[in-house]
Amino acid sequence: MFTLTIIAAVGCGLMGGVFFAFSAMVMPGLRRATPAEGLAAMRAINIAVVNPVFLTAFLGTAAVSVVAAFGGTVAGWVGAALYVLGGVVLTAAYHIPRNNALEQRGSTDYWARYLREWVPGNHVRAITSLGGAVAFTIAASQL
């Protein structure tokens, strides 16, 4: 169980880093581009992210987190809840529909709305994923 808890901590930290990079660098960079350039770049990113490496890290971390939570520590359950709810569920319920709308609408008018809505939700994903990493680190120290 210790090894799974460490893997969950690393996975949450990795995904938190991905979300942080989008909040701190990628989205501010795209915001500085012209709306047409930002829109085109984000559409390309949304297509590129659907790949085995990212999906294994993203969904694999969720699976390992849930299994590691059964290690019996409160911190492990907190870590799993933070990552699964704040990372995976938020992505599925909030970010993917906006990404799909960006692809379907593809207008520079929608781009401004997309940035206003998508970025704050991404901050939440970064914070909850990193919180999951901290919680799993604490859980590992209790095993």
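Enquirer: An account of the side chain of arginine 98 is needed here, citing residue identities and associated values.
Expert: Positionally, arginine 98 belongs in helix H4 (residues 74–105). We classify arginine 98 as buried; its relative accessible area is 19%. Excluding residues within four positions of it along the chain, arginine 98 makes contact with Tyr110, Tyr114, Glu117 and Trp118.

Enquirer: Can you lay out the packing of helix H1 (residues 2–32) against helix H2 (residues 35–48) for me, pointing to particular residues and giving the numbers?
Expert: Across the interface, H1 lies against H2 with an axial gap of 8 Å and an inter-helix angle of 135 degrees. The orientation of H1 with respect to H2, classified from their angle, is oblique. Of the residues in H2, those in contact with Phe22, Val26, Met27 and Leu30 of H1 are Gly38, Ala41, Met42 and Ile45. Here the contact of H1 with H2 is built from residues that sort into seven nonpolar, one polar and no charged.

Enquirer: Tell me about the nonpolar core, and please be specific about residues and values.
Expert: Ranked by size, the top nonpolar core spans 15 residues in total, and within it Cys12, Met15, Phe19, Phe58, Tyr83, Val88 and Phe136 carry the most contacts. With five residues, H1 is the largest single contributor of residues to this core. Apart from the residues within four sequence positions on either side, tyrosine 83 is in contact with Cys12, Met15, Ala57, Phe58, Thr61, Ala62, Ser65, Val88, Thr128 and Ser129. Within the second largest apolar cluster, 13 residues are counted, among which are Phe22, Tyr110, Tyr114 and Leu115.

Basis of the calculations
Residues numbered from 1 in each chain as written. Predicted model: local features only at pLDDT ≥ 70, side-chain atom pairs only at ≥ 80, totals over all residues. Heavy atoms only, no water. Helix = DSSP H or I, 4+ residues; strand = E, 2+ residues; numbered from the N terminus. Buried < 20%, exposed > 50% of the residue type's maximum accessible area, 1.4 Å probe, protein only. Contact = heavy atoms within 4.5 Å. Axes fitted to C-alpha atoms, helices over the stretch in contact; angles between N-to-C directions. Parallel < 35°, antiparallel > 145°, perpendicular 65-115°, else oblique. Nonpolar A, V, L, I, M, F, W, Y, C, P; charged D, E, K, R; others polar. Core = buried A, V, L, I, M, F, W, Y, C linked by side-chain atoms within 4.5 Å.

Coordinates in, geometry out; function isn't part of it.
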